Amino acid sequence: MDHTQVKDYVQQNKQRFLDELMELLRIPSVSADPKYKPDVLRMAEAVKEKLEAAGAEKVEVSQTKGYPVVYGEKMIDPKLPTVLVYGHYDVQPADPLELWHSPPFEPVIKTTPIHPDGAIFARGSCDDKGQAYMHVKAFELMMRTNTLPCNVKFMIEGEEEVGSANLAAWVKENKERLKADIILISDTSMIGNKTPSIDTGLRGLAYMEVEVTGPNRDLHSGVYGGAVANPINILCKMIASMHDKSNHITIPGFYDKVLKLSAKERKELNKAPFKLANYKKDLEIGDIHGEKGFTTLERTGIRPTLDVNGIWGGYTGEGAKTVLPSKAYAKISMRLVPGQNSTQISNLFAKHFKKIAPKGVKVKVTAHHGGEPVVVSTSSHAYLSAAKAMEQSYGKKPIPTRGGGSIPIVALFKKELGLDSILFGFGLDSDALHSPNEHYGVFNYLKGIETIPLFYKNFANQK
Ligand code: BES
Ligand code: MN
Ligand code: MN
């Protein structure tokens, strides 16, 4: 089939493709909050129905210890290559609700300067319902036009946004069923609608929670203040000490295993278009901030970080309460890069955090989920098939870039199934993922549906 036919199919079915996605976006499948459990389960059923309607077989809502994985496949010939599509149907919590311009689970299409053709505003529109659903619609297109050139398997999970803790066991139990030649994932971003790019790496993650305890009870801050360690003051000092003047992380051993890129690789990475003025304007910040000696693209792509995600304790209600609190807490995450390992880094963090605590407080450190970093080869047949597909549909060669986010399951796929992944993302960093007013361009959605069949065609066409 030539590409005009693909484009025609997308144009003719455009409204239905949008309506179906909106239907899925109305289901508040928030995996982090148990309150939404019935909705998450309802979402799994909806994904199952959509896969069946598109022509998938052996479709199943497969149980795990947590939320189920939706599996489906279309095997046309065992001799042909098999593409395993991964996506997630769960979404991040929508709060703070008051900052949304329209309700997070009532999708609406509005234009923005970046999306003149309109963007769908809803939680999960880009991350990852919109991007995952492109694959279901591209599959439908290939089924209806009789042009599916290889076998396809789908696994759409429901716990990505909470660390995919139960997925490893499921993957291990389903190794046979998951046999494939490549994993295809649309859950990352590209540089811009006129600047296609493909992520060739993801950062890993080590997520910690700390509790600092001072006195055994909250105290009058006048009676005891100045004489007893305030755990919030102490926690702030401890956190501040974990970056030095150059914004290097001070945990001993933290950088030991970080893979250094060659000058040539760094030069390549910095070729990606980046406008500092636009970046600052978009975020309304006076200046950028980060590790000395590295560019913004390097800071988010190839360098590890340590960030406080939340900090609490003491009195935060209306008005003023004079109190010297007994406890202080923080959630601290570290983004990891190739060479680093999440268990090792979690241990280094815990050891260091305990060491720097003054005697006046007790500390407790707990590790939450982790994930390992990933690099994708740019010389594999699969990568070249994806790059060619983008070139064919955008008329421009995609730029290889490093994604700063994490998809922990990608490293696990390599470990358990021996399979590489292609990060075929069509979202934009400015689409407000995990933020209020998340959106996904109508152009991006339809262009993705158009580009995916080209990947299949190129990939099936073995060198
Ligand atoms: N889709 C994102 C990851 C992402 C976004 C990668 C943009 C590259 C560019 C994914 O849903 C996500 O948010 N992952 C979490 C990790 C998880 C363990 C909670 C993340 O990166 O914080
Ligand atoms: Mn995602
Ligand atoms: Mn996400």
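Just above, that's the structure.
The structure presented is a predicted model; accordingly, all values stated were derived computationally and were not measured. (Residues numbered from 1 in each chain as written. Chains lettered and ligands numbered in written order. Predicted model: local features only at pLDDT ≥ 70, side-chain atom pairs only at ≥ 80, totals over all residues. Heavy atoms only, no water.)

**Brief notes about the coordination of the manganese ion (ligand 3)**
The condition is simple: Distances define the donors: N, O and S atoms within 2.8 Å of the metal qualify, as do those within 3.2 Å of Na, K or Ca. Water is excluded, so some sites may look unfinished. Secondary structure elements are defined from DSSP: runs of H or I of at least 4 residues count as helices, runs of E of at least 2 residues count as strands, and each element is numbered from the N terminus. Whether a residue is buried, partly exposed or exposed follows from its accessible area with a 1.4 Å probe, protein chains only, as a fraction of its type maximum: under 20%, in between, or over 50%, in that order.
At this site the manganese ion (ligand 3) is bound by Asp 127 (OD), Glu 161 (OE), Glu 161 (OE) and His 434 (NE2), with donor distances of 2.1 to 2.5 Å. Positions of the donor residues of the manganese ion (ligand 3), expressed as sequence spacing, correspond to D-x33-E-x272-H. For the pair the manganese ion (ligand 3) and the manganese ion (ligand 2), the metal-to-metal distance amounts to 3.6 Å, and Asp 127 bridges them. With Glu 161 in the loop between strand 6 (151–157) and helix 4 (167–173) and His 434 in the loop between strand 20 (427–428) and strand 21 (439–441), this pair connects stretches of sequence that are 273 residues apart. Overall, the relative accessible area of 13% leaves Glu 161 in the buried class.

**Brief notes about the environment of Ser 221**
Take Ser 221: it is sitting in the loop between strand 12 (219–220) and helix 5 (231–240). The exposure class of Ser 221 is partly exposed, given its relative accessible area of 27%.

**Some points on unusual backbone geometry**
A cis amide bond links Asp 95 to the next residue, Pro 96, at an omega of 5°. Tracing the chain through its elements places Pro 96 in the loop between strand 3 (82–88) and strand 4 (108–110). In the segment running from Asp 127 into Asp 128, the intervening peptide bond is cis, with an omega of 0°. Following the sequence through the fold, Asp 128 ends up in the loop between strand 5 (119–121) and helix 3 (129–144). Notably, Asn 146 is not glycine yet its phi reads approximately 55°, a positive angle. Note that Asn 146 resides in the loop between helix 3 and strand 6. The backbone of Ala 432 sits at a positive phi, close to 60°, despite the residue not being glycine. Turning to its location among the elements, Ala 432 is positioned in the loop between strand 20 and strand 21.

**Some remarks on the sheet that holds strand 21**
Hydrogen bonding along the main chain pairs the strands of a sheet, whether they run parallel or antiparallel. Stated formally: Think of it this way: DSSP has to see at least two bridges between two strands before they count as a pair. Axis geometry follows a simple rule: fit a line to the C-alpha atoms, using only the stretch in contact for helices, then measure angles between N-to-C directions, giving values from 0 to 180 degrees. Note on definitions: a residue-residue contact is assigned when non-hydrogen atoms from the two residues lie within 4.5 Å.
Ordered by their spatial adjacency, 3 strands build an open sheet running 4-5-21, and the pairing between neighbours is antiparallel. Since the sheet does not close on itself, it has two edges, and those belong to strand 4 and strand 21, each with one partner. Across this sheet, the average inter-strand angle for adjacent strands is 30°, counted without regard to direction. As paired elements, strand 4 and strand 5 share 3 bridges and run antiparallel to each other. Among the inter-strand pairings, Ile 109 is bridged to a residue of strand 5, identified as Ile 120. Seen against the sheet, helix 1 (residues 3–25) touches strand 4 and strand 5 and runs at an angle of roughly 20° to strand 5.

**Thoughts on the site of ligand 1**
Put simply, the rule is: Nearness is judged by heavy atoms alone; a residue qualifies as near a molecule or strand once a single heavy atom is within 4 Å of it. What qualifies as a polar contact is a pair of N or O atoms within 3.5 Å, subject to a donor-acceptor requirement within protein and to the restriction that residues adjacent in sequence count only when both atoms come from side chains. The Shrake-Rupley method, run with a 1.4 Å probe, gives the accessible areas here. Residue values count only the displayed protein chains as cover. Residues are sorted three ways: Asp, Glu, Lys and Arg are charged, Ala, Val, Leu, Ile, Met, Phe, Trp, Tyr, Cys and Pro are nonpolar, and all the rest, Gly among them, are polar. Residue ranges assigned to the domains are those given by an automatic or database domain assignment.
Around ligand 1, the surrounding shell holds 18 residues, and the nearest of these are Glu 160, Asp 187, Arg 335, Ser 406 and His 434. Here Arg 335 contributes a side-chain N or O atom positioned 2.8 Å from an oxygen atom of ligand 1. Within the complex, the protein chains bury 89% of what would otherwise be the 520 Å² of accessible surface of ligand 1. Considering only residue class, the shell around ligand 1 consists of 5 nonpolar, 8 polar and 5 charged. The residues that make up the shell around ligand 1 include at least three from each of domain 1 (3–202 + 373–460) and domain 2 (204–258 + 304–371).

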